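The lines below spell out each chain.
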Amino acid sequence: MDAAKALEYVRKVWADSAEATLAKYIEIPNQSPLFDDEWATNGYQEQAVDLLVEWAKTQGVEGLELEVVKLDGRTPLVYAEVPDTAGKNDTVLLYGHLDKQPPLTEDWDEDLHPHKPVFKDGKLYGRGGADDGYAIFAALTAIRALQLQGRKHARCVVVIEACEESGSFDLPFYIDHLAERIGVPSLVVCLDSGCGNYDQLWLTSSLRGVTVGTLDVKILREGCHSGKSSGIVPDSFRIIRQLLSRVEDENTGEVLLKGLHCNVPEARQQQARDAAAVLGNLITEEFPFVEGAGANQGEHFDLLMNRTWKPALSYTGVDGLPELGRAGNVLRSRTALKLSMRLPPTVDAQTAAEIMKAELERDPPYGAEVSYTIEKAGSGWESPALAPWLEQAVADASLATFEKPHCYTGEGGSIPFMGMLGKRFPKAQFVITGVLGPASNAHGPNEFIHLEMSRRVTAAVAFILDRHANR
């Protein structure tokens, strides 16, 4: 395959139609079901699906069959299939998602908005462009780039779900429903991951798991005057602080529960060393610290390991505390916190959740009512070793499309589909890549997609599909 011609074609498609359609997609507030109680009736998911499907139909992909699959009570799924032209009776599965995180509108810069797309400095700002609206554009454009050069490819199945940001709880039902049509892929390409920079091709070698739950502490049946009760009644916030100290060292952030840690393979440690050498200060500089603030202590390698192979706790929500303007001199009856615990790739998430629950609920201070409700538990994933042909293909793809060598890294986030596929197709090879790089801020304010990175990743995928068909 001529990589330069493929990249030229990708750039043309992006300029002619993909970027404009992606901007229209950003305008649709199709939040994932976990964040939108009315997702089944407000029509936003259907709007996003229709927009992407209509674009796909105009791309001239030879043999393309498109279908919107809708199981009762579940989010829609876009299923696309392109027939094998290599004559090897082989399948590649390409994956992405179209649902979005909440907008967080009030936190965006004044000139930006989650659902008002803005092109600026080679980036397209708005919710969901990089995570993961671009995936269907990349998958189908990569296939068409091969076809235009007369190159052969395996049968390609493209799956775009609408439930990933909620933990992909609908996806197993679709994979079962479509099992015969999907077949047994020898290669899985996931376009929903990150990149350490925008200068080279990045492959994700592991993903952390996550468990989410609510810790609720009640000490009174109702709030009491703080002048009368404080000093006698322990504050529920102080109790919750005591409980959290069982799980996390508040001085270092280290998670204290041994069952949430794992042994890190030496190969993954070496990949982290290599990535740290490439990225350097970018590891910390990409985050918008306030003036005078900085990252956790540690060398670049240590910080990458913290983000990819160690557990880490975040506090993502609170209940029982009034807004500051409504806060009176009342000793409140309860405090509740949403806990999000990221887990090493090889730790079982359900087991970790149960360990947390047992530790937080045992021996409640002052006899308070303490409950920890497990709401989500998704295990991480570690990539199988790359076959020699794929390792070489990835190396050559990066040089051909970026003119720089590729790099491996673990990702601190989760893609539930990967663990599911790893168990279902244990012999498959995996290429997990994406465009979520420095400051792209998926899930947060000012999210953007780096447009040239998305073009080059698309061309690299075409290169890898070509090598797969000719291995």
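Quick summary incoming for the structure in this document. (Residues numbered from 1 in each chain as written. Predicted model: local features only at pLDDT ≥ 70, side-chain atom pairs only at ≥ 80, totals over all residues. Heavy atoms only, no water.)

On to the pairing of strand S9 (residues 209-218). Within S9, nine of the 10 residues are buried, which leaves the element mostly enclosed by the surrounding structure. With 10 bridges joining them, S9 and strand S13 (residues 334-343) adopt antiparallel strand pairing. Residue Leu215 lies in a different strand from S13, and its bridge partner there is Leu337. With nine bridges connecting them, S9 and strand S14 (residues 369-378) associate as antiparallel partners. Pairing of Leu215 across the sheet is with Tyr372, part of S14. (Buried < 20%, exposed > 50% of the residue type's maximum accessible area, 1.4 Å probe, protein only. Helix = DSSP H or I, 4+ residues; strand = E, 2+ residues; numbered from the N terminus. Pairing = 2+ DSSP bridges.)

Our focus in this paragraph is the sheet that holds strand S8 (residues 202-207). On the basis of which strands lie adjacent, the open sheet formed by three strands has the order S15-S8-S16 and mixed pairing. Sheet topology places strand S15 (381-382) and strand S16 (407-411) at the edges, where each strand pairs with a single neighbour. Judged from the two bridges that link them, S8 and S15 form a sheet pairing that is antiparallel. Pairing of Leu207 across the sheet is with Trp381, part of S15.

Here we take up the sheet that holds strand S1 (residues 65-69). Spatial strand order, S1-S2-S6-S3-S7-S17: six strands in an open sheet with mixed pairing. Strand pairing shows two members of the sheet lacking a second neighbour, S1 and strand S17 (429-436), which therefore form its edges. Put simply, the sheet's adjacent strands are angled 20° from each other on average, direction ignored. Contacting strand S2 (77-82), strand S3 (91-97), strand S6 (155-161) and strand S7 (187-194), helix H4 (residues 135-148) runs over the sheet at an angle of about 165° to S6. (Axes fitted to C-alpha atoms, helices over the stretch in contact; angles between N-to-C directions. Contact = heavy atoms within 4.5 Å.)

Here we come to helix H14 (residues 416-424). Every buried residue of H14 is accounted for by Phe417, Met418, Gly419 and Leu421. Looking at the buried side of H14, the elements it contacts are S3, helix H5 (171-177), S7, S8, S15 and S17.

Turning next to the pattern of salt bridges. The tally for this structure, following the rule as stated, stands at 26 salt bridges. With a shortest N-O distance of 2.6 Å, Lys12 and Asp16 are connected by a salt bridge. Of this pair, Lys12 and Asp16 both sit in helix H1 (residues 3-26), four residues apart, which is roughly one turn of the helix. For the pair formed by Lys12 and Asp16, the shared burial category is exposed. A salt bridge links Glu382 to Arg268; the nearest nitrogen and oxygen atoms lie 2.9 Å apart. Of the two residues, Glu382 sits in strand S15 while Arg268 sits in helix H9 (residues 266-279), which places them 114 residues apart along the sequence. Judged by its relative accessible area of 28%, Glu382 is partly exposed. A relative accessible area of 11% places Arg268 in the buried class. Connected through shared salt-bridge partners, Arg11, Glu19, Glu452, Arg455 and Arg456 make up one network. (Salt bridge = Lys/Arg side-chain N within 4 Å of Asp/Glu carboxyl O.)

Moving on, we come to unusual backbone geometry. Along the chain, Asp131 connects to Asp132 via a cis peptide bond; the corresponding omega equals 15°. With respect to the helices, strands and loops of the structure, Asp132 is situated in helix H3 (residues 129-133). A positive phi angle, near 55°, is found at Asp121, a position not held by glycine. Structurally, Asp121 can be placed in the loop between strand S4 (118-120) and strand S5 (123-125).

Read these as layout, nothing more, since geometry by itself doesn't imply function.
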